[in-house]
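Results of the structural survey
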Amino acid sequence: MKTINKQYIVDERNKKIAVQIPIETFEEIEEILENYALVQLMKENENEETLSIEEAKAYYNQLKK
């Protein structure tokens, strides 16, 4: 598991109110979450009808217009 280097931002009562992390770490977390969401979506729709490559290309081209 990756160690997350973080800095806490506190208010005048020294209560933690936010966390600051390096942008690279944020982007890695964001990618992990997006991939997880995509997998969940794929699992939810695994019994749905699928398109052939040609059908998918035609559908995509229709959307671009």
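Small disclaimer: the values here were computed from a predicted structure and weren't measured.

To continue, consider the overall build of the protein. When helices and strands are counted, the protein shows two helices and two strands. Going residue by residue from the N terminus, the α and β elements of the protein occur as β-β-α-α. For the protein, whose C-alpha radius of gyration is 21 Å, the value lies well above the compact-globule estimate of 11 Å for 65 residues. Along the first, second and third principal axes, the C-alpha atoms of the protein reach 60 × 30 × 20 Å. Considering the protein as a whole, with its 65 residues, one finds that 2% of them fall into the buried category.

Next up on the list: the packing of aromatic side chains. Counted under the stated rule, the structure contains zero aromatic pairs. The ring of Tyr8 is capped by Lys16, whose NZ or CZ atom sits 3.9 Å from the centre of that ring.

Pairing of strand E1 (residues 7-10) with strand E2 (residues 16-20), which is carried by four bridges, proceeds in the antiparallel orientation. Across the sheet, the residue bridging to Gln7 is Gln20, located in E2. Taking the residues that link successive antiparallel strands as the turn, the E1-E2 hairpin has five residues, and the phi of Asn14 there is positive, at about 65°.

Relative to the elements of secondary structure, Asn61 occurs in helix H2 (residues 53-64). Given the relative accessible area of 39%, Asn61 is considered partly exposed. Placed 59 residues apart in sequence, Asn61 and Lys2 show a C-alpha to C-alpha distance of 41 Å.

Time to look at a negative patch on the surface. On the surface, Glu24, Glu27, Glu30, Glu31 and Glu34 cluster together to form a negatively charged patch. Relative to the elements of secondary structure, Glu30 occurs in helix H1 (residues 23-44). Judged by its relative accessible area of 35%, Glu30 is partly exposed.

Moving on, we come to unusual backbone geometry. A positive phi angle is found at Asn14, which is not glycine, with a value near 65°. If you trace the backbone, Asn14 turns up in the loop between E1 and E2.

Side chains of Leu51, Tyr59, Tyr60 and Leu63 sit close together on the surface and give an oily, nonpolar patch of about 460 Å² of accessible area. Locating Leu63 in the fold gives a position in helix H2.

Scoring rules and cut-offs
- Think of each chain on its own: its residues are numbered from 1, step by step along the sequence as written.
- Local features are withheld for residues below a pLDDT of 70 in this predicted model, meaning they are given only at 70 or higher, and side-chain atom pairs are given and counted only at 80 or more; totals for whole chains, interfaces and linings count all residues.
- The side-chain values count all of the structure's non-hydrogen atoms but skip hydrogen atoms and water molecules.
- Strands are runs of DSSP state E lasting at least two residues, helices are runs of H or I lasting at least four, and both sets are numbered from the N terminus onward.
- Our radius of gyration looks at C-alpha atoms and nothing else; its globule reference is 2.2 Å times the residue count to the power 0.38.
- Burial classification: accessible surface area is computed with a 1.4 Å probe over protein chains only, and a residue below 20% of its type maximum counts as buried, one above 50% as exposed, and the rest as partly exposed.
- In this scheme Phe, Tyr and Trp rings, the latter by its six-membered ring, pair at centre separations within 6.5 Å, and the angle between planes marks the pair as stacked below 30 degrees, edge-to-face above 60, and tilted otherwise.
- Counting as a charge over the ring demands two things of the Lys NZ or Arg CZ atom: a distance within 6 Å of the ring centre and an angle within 35 degrees of the ring normal.
- Two strands pair if DSSP finds at least two bridges between them.
- A residue counts toward a patch only above 30% relative accessible area and without a salt bridge, and it is joined to like-charged neighbours within 9 Å or, for Val, Leu, Ile, Met, Phe, Trp and Tyr, to nonpolar neighbours within 5 Å.
- A 1.4 Å probe and the Shrake-Rupley method give the accessible areas. Residues count as covered only by the protein chains that appear here.
- When a carboxyl oxygen of Asp or Glu is within 4 Å of a side-chain nitrogen of Lys or Arg, the pair counts as a salt bridge.
- A positive count includes Lys and Arg, and a negative count includes Asp and Glu. His and the chain ends are not counted in either.
- To locate a charge, the coordinates of NZ of Lys, CZ of Arg, CG of Asp or CD of Glu are taken.

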